[in-house]
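One-letter residues, chain by chain:
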Amino acid sequence: MDCRCLFFSLAFWQRQKARSYTTIVVAKLVAKSLSRTFEALLLDKFQQSDLSDESVTTTSRNLYKTAVVDTIVAEVQGTTSEDRCVLLLGYKDRMEAMFQSVNAALGRRFPLSSAFDFQDYSSDELRQILNLRLAESGFTASESAKEIAMRVLEQTRNHRNYGNAGEVDILLDRAKIQQRKRLSALAIDGKANLQFEPGDFDPEFDRTDWVETSIHQVFADFVGAEALIDKFEGYQRIVRNAEALGIDPRSQIPFTFLFRGPPGKDPANLVLGTGKTTTARRIGEVFYNMGFLATKDVVNCSATDLIGEFVGHTGPKTQRVFQKALGKVLFVDEAYHLSDNRFGQEAVAEMMNLLTQDKYRNKIIVILAGYDKDINRLLSVNPGFGSRFSEVLKFDHLPPEQCSRLLVRCLQEQKLDTSTLTDTKLLGLFQDLTILLGWGNARDVKTIARSV
């Protein structure tokens, strides 16, 4: 009886570091199963047998991985007389990549053509699971609360560690804590009230209703943000119209941006203090409020974090950065270095490939920042790069007028009297400062305010 099975599971399995004695443990498990009439050997997340302990070198990890796979191949022959069942479980894409890089005999022992492919639960299935979990726990939820719960679950699909049914359990645990806080504040006995309200699943459940107002609030302390506000309000109108027509709004708005500007007065730096990093954070808030990102977080990196040091190193390095930023904003500063050499061009090609995959498409905001001239050179590296990053935000030096407004606002936030500061004095001051070599725009204005 041939009981070998290979499971492809898209569900979340708890991460754990591989131990130094992985090979010995696997060998003992296989040997133990040989002595039983029938015993199943389950290797969970098998594709991560290449050890994640940072104290182990890359070469050592490869040796351990090879030893584990060779042990499995040697002990599991796949004959009809075998009386044990060996199950390999893991993420589909990682399992397929692993099978391509290890002992070819493993593929013969566990043919990919006979793998069980477990797909993500659909929205309807998640709703059924939610109802079952509520019934099992003795809690109820209003229909409006269930709608909010489903919206939260849909958002979690953008997260790198999306856990399918496990997300329902996590959501309910959070809702119970939130409900206890709510009832405690109202002096209501929690045991007598077991119904969840929308705010229990998401304290900001109504943010999609006030997202236009929130756009103004997000950029309220941002000097010269009028054009940005108009742009994102336009996105919101597009989203609203698409939803009314039953069209997926994600396909109607951009998820990739270019931040470009002239070289600063200091040739070594892009325009300083013009709000690129701040704008990236605000974009994360806006897209999160619209329900398109799992979190508001921004993952900052430079081009060197994507570029490898030897052949075959760039692709996996870029993939790791994208995996870390899934469901978030990826901000790549000094992106023009991606056009410097062959490895940079490989990173561009890998980025283009990742952005077209279902796993990442419209689930991650990617922002590339650089000089005007160098960004133009970068766009010429790959024919499709320009069309993929067609949304451009321009960042120029702050004029003296905006510097003056920013200084007054910063001083007022510090509860300082600004009545003696006249526009003429401030404009004269910043007209002199803005022509200095290395002037840092908003960054230096805030430094001046703190020094007062």
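None of the values given here were measured: they were computed from a predicted structure.

(A) Inspection of the overall build of the protein at higher detail. Assigned secondary structure in the protein consists of 18 helices and 11 strands. Burial analysis of the protein (452 residues in total) assigns 45% to the buried set. Across the protein, contacts joining residues at least 24 apart in sequence account for 77% of those joining residues at least 6 apart. Surface exposure of the protein reaches about 23100 Å², of which carbon and sulfur atoms provide 52%.

(B) Molecular detail of the sheet that holds strand 11 (residues 391–394). Taken in spatial order, the five strands make up an open sheet running 8-9-10-7-11, and their pairing is parallel. Strands at the two margins of the open sheet, each flanked by one partner only, are strand 8 (298–302) and strand 11. In this sheet, adjacent strand axes meet at a mean angle of 20° when their direction is disregarded. Summarising the sheet, strand 7 (residues 256–261) and strand 11 pair through four bridges and their orientation is parallel. Residue pairing for strand 11: L258 is matched across the bridge by V392. Docked against the sheet, helix 12 (residues 314–325) engages strand 8, strand 9 (329–333) and strand 10 (365–371), running at close to 135° with respect to strand 9. Sheet strands in contact with helix 14 (residues 372–379) are strand 7, strand 10 and strand 11, and its direction is about 125° off that of strand 10.

(C) Looking closely at the packing of helix 5 (residues 123–137) against helix 7 (residues 165–185). One way to put it is that helix 5 packs onto helix 7 with a least axis distance of 10 Å and a crossing angle of 45°. Considering their axes alone, helix 5 and helix 7 lie oblique with respect to each other. Both helix 5 and helix 7 take part in a crossing whose hand is right-handed. Across from L126, I129, L130, R133, L134 and S137 in helix 5, the residues of helix 7 making contact are A165, V168, D169, L172 and K176.

(D) Layout of the pairing of strand 10. With seven of seven residues buried, strand 10 lies mostly within the body of the structure. Looking at chain direction, strand 9 and strand 10 are connected through four bridges and run parallel. By the bridge assignment for strand 10, L330 is matched with V366. Crossover connection from strand 9 via helix 13 (residues 342–355) to parallel strand 10: handedness right-handed.

(E) Geometry of the nonpolar core. Ranked by internal contacts, the top residues of the largest apolar core, which has 29 residues, are F322, L330, L338 and L368. Looking at this core, the elements that each hand over two or more residues are strand 8, helix 12, strand 9, helix 13, strand 10 and helix 14. Ranked by residue count, the leading element in this core is helix 13, at seven residues. For L330, the residues in contact, after removing those within four places along its chain, are V299, C301, V321, F322, A325, I364, I365, V366 and I367. The next biggest cluster of nonpolar side chains, apart from the first, holds 27 residues, and it includes F219, L228, F257 and F292.

(F) Focus on the environment of A141. In this fold, A141 is placed in strand 5 (residues 140–141). Assessed through its relative accessible area of 12%, A141 is described here as buried. Along the primary structure A141 and L194 are separated by 53 residues, whereas in three dimensions their C-alpha atoms are 8.3 Å apart. Leave out the neighbours within four places in its chain, and A141 touches L134, K146, Q195, F196 and F201.

(G) Examining the packing of aromatic side chains more closely. Inspection of every chain in the model, using the stated rule, returns 11 aromatic pairs. Considering the side-chain rings of F257 and F287, the 6.3 Å spacing of their centres and the 85° angle between planes classify their relative orientation as edge-to-face. With a gap of 30 residues between them, F257 in strand 7 and F287 in helix 11 (residues 276–289) connect regions that are remote in the sequence. On the basis of relative accessible area, F257 is assigned to the buried category, the value being 0%. On the basis of relative accessibility, which here comes to 0%, the residue F287 falls in the buried class. Ring geometry for F322 and Y360: centres 5.7 Å apart, planes at 90°, overall edge-to-face. With F322 in helix 12 and Y360 in the loop between helix 13 and strand 10, the pair connects residues that are 38 residues apart, well separated along the chain.

(H) View of the side chain of K328. Structurally, the position occupied by K328 is in the loop between helix 12 and strand 9. Nearest to the buried, unbridged K328 among oppositely charged side chains is D297, at 4.5 Å. A distance of 3.4 Å separates a polar atom in the side chain of K328 from the backbone oxygen of K324. Look past the residues within four positions of K328 in its chain and what remains in contact with it is L293, T295, D297, V299, K363, I364 and I365.

Conventions we followed
- Residues numbered from 1 in each chain as written.
- Predicted model: local features only at pLDDT ≥ 70, side-chain atom pairs only at ≥ 80, totals over all residues.
- Heavy atoms only, no water.
- Helix = DSSP H or I, 4+ residues; strand = E, 2+ residues; numbered from the N terminus.
- Buried < 20%, exposed > 50% of the residue type's maximum accessible area, 1.4 Å probe, protein only.
- Contact = heavy atoms within 4.5 Å.
- Areas by Shrake-Rupley, 256 points an atom, 1.4 Å probe, with all protein chains shown as cover.
- Pairing = 2+ DSSP bridges.
- Axes fitted to C-alpha atoms, helices over the stretch in contact; angles between N-to-C directions.
- Parallel < 35°, antiparallel > 145°, perpendicular 65-115°, else oblique.
- Left-handed = near helix turned anticlockwise from the far one by under 90°.
- Right-handed = clockwise from strand over helix to strand, strands pointing away.
- Core = buried A, V, L, I, M, F, W, Y, C linked by side-chain atoms within 4.5 Å.
- Phe/Tyr/Trp six-rings, centres within 6.5 Å; stacked < 30°, edge-to-face > 60°.
- Lys, Arg positive; Asp, Glu negative; His and termini not counted.
- Salt bridge = Lys/Arg side-chain N within 4 Å of Asp/Glu carboxyl O.
- Polar contact = N/O pair within 3.5 Å; in protein donor to acceptor, adjacent residues only side chain to side chain.

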